[in-house]
Amino acid sequence: MKMKSTVKYEKKIEELKNLCQLKTDECYEAWMSLTTSNEQLENVRMELDNKFFQNLNLDRALEQQAAKLKDISTKYQCDKRLWVDSIIELERKIKIIKQEHSLLSNKAHDCADSIPELNKMIFAVQALVAQCEDLKLRLNEEQAMRKKLHNQIQEAKGKIRVFCRCRPLSDDEASAGHTTIVDFSAAKDGDIGILTGSSMKKIFKFDRVYTPKDDQVSVFADASPVVTSVLDGYNVCIFAYGQTGTGKTFTMEGTGQNRGVNYRTLEQLFKLIEERKEISTFSISVSVLEVYNEQIRDLLATEPASKRLGIRQASEGFHHVPGIVEAKVENIKEVWNVLQAGNNARAIGSNNVNEHSSRSHCMLCILVKAKNLITGECTKSKLWLVDLAGSERLAKTEVQGDRLKEAQNINRSLSALGDVISALANKSSHIPYRNSKLTHLLQDSLGGDSKTLMFVQISPSEQDLGETLSSLNFASRVRGVELGPTKKQVDTDELQKLKQMLDKAKQELKSKDDALRKSVENFHNLEDKAKAKGQLCKTQEEKLNELENQLSSKVELCKQLERQLWQLSERMMEKEEICSNSQLKVVELENKLKEHVQNQTASLSLQRKVKKLEDILKERTREFELHSGTLQQKVKELENKLKMERESGGSQQKGNELEQKLRQHQEQTMRPGLSYSAEKSQVTPIETIYGMNPPTRRSLNSNGRRMNEMGSDLLKGTESLRELRRKRQIESKGIENNVLLSSALVEKKVWSETNKARQIEQWPCRITRSGKSVNSVEKSFTGNRINWDQGKEPRESSNKLKMWLR
Ligand SMILES: Nc1ncnc2c1ncn2[C@@H]1O[C@H](COP(=O)(O)OP(=O)(O)OP(=O)(O)O)[C@@H](O)[C@H]1O
């Protein structure tokens, strides 16, 4: 019975064994599947790590590229702003320049349009200039003609003209009862009669006769044509001759209120110079000197001469006094100052001015230098204005000593003057100029082409009859024609003819003068017009040139600006190209970033999957632990029951119960997934696991190893259980089996704790793990397996494996 029961149990055990084998196989397959999943998971993790590192690198590169891009973008923005500003500024400048250019173009067009007008004007101006030239020529001819006529008139009048002037009867003479012996009835005809007796009258003929009523103006009016000759280039000499006190100084110098010939002559000269300034330029210098006792004294010299002044003849035959002051005068005011200075100097060294003036010849020399602006002709002429010393006779004066000497010198010089004039009148071959200082000084202005005007001054008083007749005789001699009563008639006809000729000449001269004046006026008008036109033309030309210059400079500037703009546009295009490249790079980087983000998303999903799997693993592990604990408890219970059965001998019944309980337990543990496989693996022989191909075992990674360890613990537990069964069935030796089972369970518990700890540390370890460490672990694992196979204690090997895994 017992045997039967035993066989039955054995049969059942055999069935259970088969079942267990089946389950173990299933468990192995599940395990293998798990291992493959783990491997895949590990690969995914590795890939994830790589991706992570790649992403990290990409992140860094992206950041760098972004920073660079930002810099480039900022620089580009700045540059762009600058270039835009520059372009705006340039555009503004170009606009202004274009406006200026158009303005200048308009002006240039206007100018160009006005060119025909301008040409017309130029032609008109040229015609005017030609007309002017013609007029100038005509004017020159007219002037030459005028000069010729004037000269002819002067010559017709006589080269030496004599005007007779009689002063009024002085108050003293009137009070003394002196009567007038001068007859002015024919004064208009130049005749003057001197009553030499009760019925005797001597008539003298002069060019002009002035009564005491004639003033300085009328006297000078007749003298002024001679003055005009000075500006025409003729030498002129005007002198006053006569007895002391007859009015020589009055006629020549005059008074402050009644200016004499000297002042009026210079006034006339400046007036004529002003009139002729368009045609000629003049310079006037004045010298004032006196001849006293045949000595020359410079009245304008500020210091007394160191040596006697002499008379020199220059190469061109011009006589001058070397060292004499020649005061340059520009206007009549300066003339007056010079004349006053001369008068003041004359007074120095003399107690009685009047007396001194009577005994010396006062000479005013006016040097005129002229240049004809049209012909370029230069002339140099001299005008002598001489106030001679008194001509009274020695016999009457009855003087001696110095006075005598003075009188002798005066008479000698006056005689020399008479001789010279006489020689000139007689057309003598020799003119005795050098007989006195006076004639020597006057040499240039006496004779030849020079004009001479003599004022013979007479006294109206009867007491001066002799001196008056003497003076008039001298003057008549000078004039060259001594008119006597007999000659008068004959001479009257001749004179009438001459008068008619003179009137005709005067008429001609007047008409010529009028024509000349008109021509001059026309000429001046045309000249003014020509000048104005020329000026306008010049201004227009200058304006045109200026506008052309401005236009060319503006065009050049415009070109430069266009070149600059073109360069800027090129640079702008380059910048834009760089910018577009940068934008392309940005797009690429953005795509990469997107990919990276997608990768990250994929890795995150993988991580989530891994996490999920880990969670499932944890769950399974927990369940496994729970079941292991239950199993352990049941094993203990069974052991206790076995003990009790062994003690009570009712082991058969107990064995059935135990079998039943074991079956129930197996049914409970027969669940899907890892938990079921793990429980099944408890009955799977450990040799089944370690009987796997070495390459398959080596491919296990750390996670795989963890599962492997778990599996090995389970297998160990199953093996212990099988061993227990076998021993209980065959030898019923429970103590040894108990020890083995307990140790296996303890190991399994330790693994469970270790696994828990590893699971906690799992993620950080995974990040830093490398393939090398995995390999080294695998090698160690393989090494341990070899040791195991060599027959070392399984427990010891298991402990070593746990150490490696840690
Ligand atoms: N035409 C005149 N009308 C009025 N007064 C005159 C005239 N001529 C001369 N006199 C007066 O006669 C006086 C003498 O004149 P003035 O001194 O000019 O003579 P003079 O010939 O120069 O004498 P001297 O030889 O001594 O110099 C002066 O007082 C002057 O004013």
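Residues numbered from 1 in each chain as written. Predicted model: local features only at pLDDT ≥ 70, side-chain atom pairs only at ≥ 80, totals over all residues.

Peer 1: Would you mind going over the overall build of the chain in detail, with residue names and values included?
Peer 2: Of the regular secondary structure elements, the chain holds 20 helices and 14 strands. Buried residues in the chain amount to 28% of all 806 residues. (Helix = DSSP H or I, 4+ residues; strand = E, 2+ residues; numbered from the N terminus. Buried ≥ 20, exposed ≤ 12 C-beta atoms within 10 Å, placed from the backbone.)

Peer 1: An account of the environment of Ser 476 is needed here, citing residue identities and associated values.
Peer 2: Note on placement: Ser 476 falls in helix H11 (residues 465-479). The class for Ser 476 is partly exposed, based on 19 C-beta atoms found within 10 Å. With 270 residues separating them in the primary sequence, Ser 476 and Phe 206 have C-alpha atoms 7.3 Å apart.

Peer 1: So what's going on with the site of the ligand? Residues and values would help.
Peer 2: Taken together, the neighbourhood of the ligand is formed by 16 residues, with Arg 167, Gly 247, Lys 248, Thr 249 and Ser 358 sitting nearest. Of all the elements in the fold, those that place two or more residues in the shell around the ligand are helix H4 (248-252) and helix H7 (353-359). The residue makeup of the shell around the ligand, split by class, is three nonpolar, 11 polar and two charged. (Near = placed C-beta within 6 Å. Nonpolar A, V, L, I, M, F, W, Y, C, P; charged D, E, K, R; others polar.)

Peer 1: Please set out the nonpolar core residue by residue, giving values where relevant.
Peer 2: With 80 residues, the main nonpolar core has Cys 164, Met 454 and Ala 475 as its most contacted residues. When near neighbours in sequence (up to four residues on either side) are disregarded, Cys 164 contacts Ile 192, Phe 204, Phe 206, Val 209, Tyr 210, Val 456, Ile 458 and Ala 475. Of all hydrophobic cores here, the second largest spans eight residues; its members include Leu 128, Leu 135, Leu 139 and Phe 523. (Core = buried A, V, L, I, M, F, W, Y, C linked by C-beta atoms within 7 Å. Contact = placed C-beta atoms within 7 Å.)

Peer 1: Describe the sheet that holds strand S4 (residues 201-205), listing the residues and the values that go with them.
Peer 2: A sheet is described by the order of its strands in space; here three strands give the open sequence S2-S3-S4, paired in antiparallel fashion. Edge positions in the open sheet fall to strand S2 (182-183) and S4, since each of these has one partner strand only. When S2 meets strand S3 (residues 191-195), the two strands line up antiparallel, connected through two bridges. Note that in S3 the partner of Val 182 across the bridge is Ile 194. (Pairing = 2+ DSSP bridges.)

Peer 1: Pulling in residues and values, what's your account of the packing of helix H3 (residues 216-231) against helix H5 (residues 261-275)?
Peer 2: Their axes nearest at 10 Å, the elements H3 and H5 cross at an angle of 50°. Taken as axis vectors, H3 and H5 run oblique relative to one another. As H3 packs across H5, the resulting crossing turns out to be right-handed. Mapping the contact onto sequence places Phe 220, Ala 223, Ser 224, Val 227, Thr 228, Val 230 and Leu 231 in H3 and Val 261, Arg 264, Thr 265, Gln 268, Leu 269 and Leu 272 in H5. (Axes fitted to C-alpha atoms, helices over the stretch in contact; angles between N-to-C directions. Parallel < 35°, antiparallel > 145°, perpendicular 65-115°, else oblique. Left-handed = near helix turned anticlockwise from the far one by under 90°.)

Peer 1: Can you break down helix H9 (residues 401-425) residue by residue, with the values?
Peer 2: Here H9 spans 35 Å end to end across 25 residues, near enough to the 36 Å set by a 1.5 Å rise per residue. If you check which residues of H9 are buried, you get Glu 406, Ala 407, Asn 409, Ile 410, Ser 413, Leu 414, Ala 416, Leu 417, Val 420 and Ile 421. One or two positions beyond H9, positive phi appears at Lys 427, with a value near 55°. (Expected span 1.5 Å × (residues − 1).)

Peer 1: Talk me through the UniProt feature "binding site: ATP" (unreviewed entry) in the chain; I want residue IDs and the actual numbers.
Peer 2: In the numbering used here, UniProt assigns the "binding site: ATP" (unreviewed entry) feature to Gly 242, Gln 243, Thr 244, Gly 245, Thr 246, Gly 247, Lys 248 and Thr 249. With 20 C-beta atoms counted inside 10 Å, the residue Gly 245 sits in the buried group. If you trace the backbone, Gly 247 turns up in the loop between strand S6 (236-242) and H4. Given 21 C-beta atoms within a 10 Å radius, Gly 247 is considered buried. Apart from residues no more than four positions distant in its own chain, Gly 247 is found in contact with Arg 165, Arg 167 and Gln 457. (UniProt positions renumbered as here; feature names shortened; annotations may be inferred.)

Peer 1: Now, about the pairing of strand S8 (residues 295-298): what can you tell me, with residues and values included?
Peer 2: Looking down a regular strand, the side chains alternate between one sheet face and the other. For strand S7 (residues 280-292) and S8, the ladder comprises four bridges, and the chain directions are antiparallel. The partner of Leu 289 across the bridge, within S8, is Asp 298. The turn joining S7 and S8, which pair antiparallel and follow one another in sequence, is formed by two residues; a positive phi near 50° is taken by Asn 293.

Peer 1: Residue-level account of the pairing of strand S12 (residues 361-372), with values.
Peer 2: Relative to S12, S7 is paired through 12 bridges, and the arrangement is antiparallel. What sits directly across from Val 288, in S12, is Leu 364. Looking at chain direction, S12 and strand S13 (residues 378-387) are connected through 10 bridges and run antiparallel. Within S13, the residue paired with Ile 366 across the bridge is Leu 383. Between S12 and S13, which pair antiparallel in sequence order, lie five residues; one of them, Gly 376, sits at a positive phi of approximately 80°.

Peer 1: An account of H11 is requested, with residue identities and associated values reported.
Peer 2: An α-helical segment advances 3.6 residues per turn. Residues three or four places apart therefore align on the same side. Taking 1.5 Å per residue, 15 residues should reach 21 Å; H11 reaches 21 Å between its end C-alpha atoms and fits that length. Residues Glu 467, Thr 468, Ser 471, Leu 472, Phe 474, Ala 475, Val 478 and Arg 479 constitute the buried set of H11. End-on view of H11: buried residues confined to an arc of 160°, all on one side of the axis. (Arc of directions from axis to C-beta.)

Peer 1: An account of the environment of Ala 127 is needed here, citing residue identities and associated values.
Peer 2: You can see Ala 127 is positioned in helix H1 (residues 2-157). Under the C-beta neighbour-count criterion, Ala 127 is labelled partly exposed, with 13 such atoms within 10 Å. Sequence spacing of Ala 127 and Ala 530 is 403 residues, and the spatial spacing of their C-alpha atoms is 9.0 Å.

Peer 1: Summarise unusual backbone geometry; cite the residues concerned and give the values.
Peer 2: In this model, Asn 293 sits at a positive phi of 50°, which is unusual for a non-glycine residue. The class of Asn 293 is partly exposed, set by 15 C-beta atoms lying within 10 Å. The residue Glu 294 is not glycine, and still its phi comes out positive at about 60°. Assignment of secondary structure puts Glu 294 in the loop between S7 and S8.

Peer 1: A description of the confidence of the model for the chain should follow, citing residues and the corresponding values.
Peer 2: Do not read the fine detail of predicted coordinates wherever pLDDT is low. For the chain, the mean per-residue pLDDT works out to 75, and 73% of the residues sit at or above 70. The low-confidence segment residues 481-492 (pLDDT under 50) makes 10 contacts with residues lying over four places distant or belonging to another chain. With pLDDT under 50 throughout, residues 671-718 is counted as low confidence; its partners more than four residues away or in other chains account for 105 contacts. Per the prediction output, this complex has pTM 0.49; the corresponding ipTM is 0.98. (pLDDT = per-residue confidence, 0-100.)

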